[in-house]
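Understanding the architecture of this molecule
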Amino acid sequence: MISAAEVWLAFLALFAAIMLVRDLRAHPASAPDVRSIPAYDTIRGLMAIAAEEGLPIHLSLGTAGIADPFAMETVAALSTLEFLSEQAAMTANLPLVSTASPTTLVLAQEVLSRPFRARAQMAEFDPLSVRFIGGAGDASGVAYAAGVIDLLDHRYVSANFMQGRFGDEYLLMGEVGARNNIVQVAGTANVDALPAMLVTAGDVLIGEDVFAAGAYLLRAPWHLAGLSAQDSARWLIAGAGLALVALKTLGFLP
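Described in the following lines is the structure provided in the data block.

The next thing to look at is the pairing of strand 5 (residues 183-188). Judged by how many residues are buried, strand 5 sits mostly within the fold: 5 of 6 residues are covered. Pairing analysis gives 5 bridges linking strand 4 (residues 159-165) to strand 5, with the strands arranged parallel. Bridge pairing links Gln163 to Gly187 in strand 5. Regarding topology, helix 6 (residues 170-179) serves as the crossover connection from strand 4 to the parallel strand 5, and that connection is right-handed. In this sheet, strand 6 (residues 203-206) lies alongside strand 5 in parallel orientation, the contact comprising 4 bridges. Each bridged residue has a counterpart across the sheet, and for Ala186 the counterpart in strand 6 is Val204. In terms of handedness, the path from strand 5 via helix 7 (residues 194-200) over to strand 6 forms a crossover that is right-handed.

To continue, consider a nonpolar patch on the surface. A cluster of nonpolar side chains, contributed by Ile66, Met72, Val75, Leu107 and Phe211, occupies part of the molecular surface with about 410 Å² of accessible area. Following the sequence through the fold, Ile66 ends up in the loop between strand 1 (57-62) and helix 3 (71-91). With a relative accessible area of 33%, Ile66 lands in the partly exposed category.

Moving on to the sheet that holds strand 1. Ordered in space as 3-2-1-4-5-6, the 6 strands form an open sheet in which the pairing is parallel. In this open sheet, the two edge strands, each paired with only one partner strand, are strand 3 (130-132) and strand 6. With direction set aside, neighbouring strand axes in the sheet form an average angle of 15°. Contacts from helix 4 (residues 102-118) reach strand 1, strand 2 (96-99) and strand 3 within the one sheet, and its direction differs from that of strand 3 by about 175°. Packing against the sheet, helix 5 (residues 140-153) makes contact with strand 1, strand 2, strand 3, strand 4 and strand 5, and its axis sits at approximately 170° to strand 1.

The geometry of helix 5 relative to helix 6 is characterised by a closest axis approach of 9 Å and an angle of 5° between their N-to-C directions. One element, helix 5, and the other, helix 6, form an angle in the roughly parallel class. Taken together, the residues of helix 6 that come into contact with helix 5 (itself represented by Tyr144, Ala145, Val148, Ile149, Leu152 and Asp153) are Leu172, Met173, Val176, Gly177 and Arg179. Of the residues in the contact of helix 5 with helix 6, the class split is 8 nonpolar, 1 polar and 2 charged.

The rules behind each value
Residues numbered from 1 in each chain as written. Predicted model: local features only at pLDDT ≥ 70, side-chain atom pairs only at ≥ 80, totals over all residues. Heavy atoms only, no water. Buried < 20%, exposed > 50% of the residue type's maximum accessible area, 1.4 Å probe, protein only. Helix = DSSP H or I, 4+ residues; strand = E, 2+ residues; numbered from the N terminus. Pairing = 2+ DSSP bridges. Right-handed = clockwise from strand over helix to strand, strands pointing away. Patch = residues over 30% accessible without salt bridge, like charges linked within 9 Å, V, L, I, M, F, W, Y side chains within 5 Å. Areas by Shrake-Rupley, 256 points an atom, 1.4 Å probe, with all protein chains shown as cover. Salt bridge = Lys/Arg side-chain N within 4 Å of Asp/Glu carboxyl O. Axes fitted to C-alpha atoms, helices over the stretch in contact; angles between N-to-C directions. Contact = heavy atoms within 4.5 Å. Parallel < 35°, antiparallel > 145°, perpendicular 65-115°, else oblique. Nonpolar A, V, L, I, M, F, W, Y, C, P; charged D, E, K, R; others polar.

Structure, rendered in C-alpha cells:
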C-alpha cells in the first residue's frame, strides 16, 4: 500500500519537474501575464517618491528567523528587500530594514549590500540600515513592536512596508503608522494578523500573495516559473479530486 509520505514525495518531484520545464522555457518576451496586485504596484512606485523626499522606506521583515517554522514568509520578504536594494543602489536612498531575528539580520545585510558590491560602491552602503530590534523569549514580539513604533512615531520614514511573520504585535505598529498618515503596505500568511492589517494598511498582501514577491517585483524567470508551477499544481490537485469523486460515485472505488 502506498504511504502518505510516498504520495507527497511523488507530488514534490512532479512539482519540481514542472517548475524546471517552465524555467527552461522562460523567455523575457514570453513572460506569463500575472494579475495585478495593488500592494506590489505601490511598493514599485514609492521608491522614486522616497528619493525625492530624502527619507528612507521602512521594510519590516517580521519576527521569524531563517530557521523558524515560518521561515518562508521571511524569505519572501527578502525578495522585496532584493528589489528595494537594486533601486537603492541607483538612487543612493537606502531602505531602513528591521527584523526581530538575529539570523535574518545577517542575511538581510547581505541582500541589501549585494548591488553595491556588484557596482564596487560599498562605500555608499551603510550596514546600520539593517537593524535588529527585539528581546528574548515571549517578549521579543512586543520589544520589536516598541522599536518600530519609535521609528514611525518620529516620522523617520516616508513609507512603511511590513511583510513577513507577524502576530498580535502588528496592531501596535500598524495603528501608529495609520495615525501618522504614513503609507503602509502589509502582508502575512498568519490569519490572526490579517484583520489588523486590513484596517490599518492601504494595501494588504493576503496569504499566498506574500510568496509572489519575487515574481512580481524581480520578474526573474525562476520566480515566474515557480508561480506558473503553482497554478499547474492547483489544476492537477483539483483534477485528481474530481476524478476520485467520479470514480467513487460510479462505484469503481470502495
